[in-house]
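Examining the three-dimensional arrangement
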Amino acid sequence: MRFARGSNGLPRGLRGLPRPVAAVVGGGGVYGATQVGVGYALEQHGFVPDLIVGTSVGAFNGAVAAAHPGTAARSLALTWTGLRRREVFPFGLRSFRAGLFADAGLRRLIRRAGLPARIEDLPVPFVAVATDLVTGEPVLLDHGDLESALLASAAIPGVLPPVERDGRILVDGGAVAHVPVLAARQAGAASVVVVVTGREALPLRTTAPPRRAEAVAARAGLLMMHQQIERDLREVSREIPTVVLPTGVVAWPALWDFSHSRRLIDAALLSASRFLDELVVTGPGLYRREPVAAAPGATTGPRTGPRTGARTGARR
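The structure presented is a predicted model; accordingly, all values stated were derived computationally and were not measured.

**So, the pairing of strand 3 (residues 126–132)**
Of all 7 residues in strand 3, 7 are buried, a share of seventy percent or more. Residue alternation in strand 3 divides its side chains into two sets, Phe126, Ala128, Ala130 and Asp132 and Val127, Val129 and Thr131, and both sets are buried. When strand 2 (residues 51–55) meets strand 3, the two strands line up parallel, connected through 4 bridges. For Val53, the partnering residue across the bridge sits in strand 3 and is Val127. Direction of pairing for strand 3 relative to strand 4 (residues 138–141): antiparallel, over a ladder of 4 bridges. Note on strand 4: the bridge partner recorded for Val129 is Leu140. In this antiparallel pair of consecutive strands, strand 3 and strand 4, the connection spans 5 residues, and Gly136 shows a positive phi of 80°. Across 3 bridges, strand 3 lies against strand 6 (residues 168–172) in antiparallel orientation. When the bridges of strand 6 are listed, Asp132 appears paired with Leu170.

Take a look at the structure:
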């Protein structure tokens, strides 16, 4: 096989990644629209993964991508730009015992996607990651009923009801694997292409100590999620190439506001495309670009070498 090569003779872009390569799609709720823009960029660069591993909204987007390898972005864009909060989180359809909302809206969304009934019937191998509510263990759902796997992976604790499957009570995979790179490595990936969303995946900014109770809780939640993501990315990148695709988004909408989907898609498409055009993989390491403050939807210059700590271009 012939690869496009950089000026140093190394394979350029995703074609240089060792196989099997997994696409890892993280959680993020409404921010999942950015995953569609990144998906467009990957399709334009001819990338089709050998495996897709998704958590929460990333499990839904990932399942659609696994059902339509190389062509899913357009249908996902139509879904996301037409989505409204009441369709996914319908006030009035409450599940008083186990969650703020019933999961009827999410079930309709999954069924409208035209997915096969079973995970094994997807053209690209697929894993949805959920959390065992009793043991706290990540649960890799790679066979059986697809709808219940997606519902379990997206069952935000306290918001959507847990899912009982195979004798386990399952909730959102983001509780233990917001970006499921460890699950991808466990499934046998020799390299990973990671799609992350939201503020928790970005470098933390120093802020004044929050004073109000809700602000304190929000900051603590952000810190916990950020540390989990960073820990998992660095652990996996010590062993295999780990490419983290940028979204280019700086101004994030409210968690329940789906009206910004087109802006998020467009920003992610532009940012991820520029990153892929300049990516050169040299071996195991963490390949990513870290954004700086900019106008909403803006992108920043690329950092495409493997990263160790705060340095760029260092080999692990």
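**Digging into the packing of aromatic side chains**
Two descriptors summarise a pair of aromatic rings, namely the distance from one centre to the other and the angle between the planes of the rings. Counting across every chain of the model gives 1 aromatic pair. Pairing Trp80 with Phe258 gives two aromatic rings, centres 6.0 Å apart and planes at 35°, and the pair type is tilted. Here Trp80 is found in helix 3 (residues 73–81), whereas its partner Phe258 is found in the loop between strand 8 (241–245) and helix 10 (261–278), with 178 residues between them in sequence. Each of the two residues, Trp80 as well as Phe258, counts as buried.

What counts as what
Residues numbered from 1 in each chain as written. Predicted model: local features only at pLDDT ≥ 70, side-chain atom pairs only at ≥ 80, totals over all residues. Heavy atoms only, no water. Buried < 20%, exposed > 50% of the residue type's maximum accessible area, 1.4 Å probe, protein only. Helix = DSSP H or I, 4+ residues; strand = E, 2+ residues; numbered from the N terminus. Pairing = 2+ DSSP bridges. Phe/Tyr/Trp six-rings, centres within 6.5 Å; stacked < 30°, edge-to-face > 60°.

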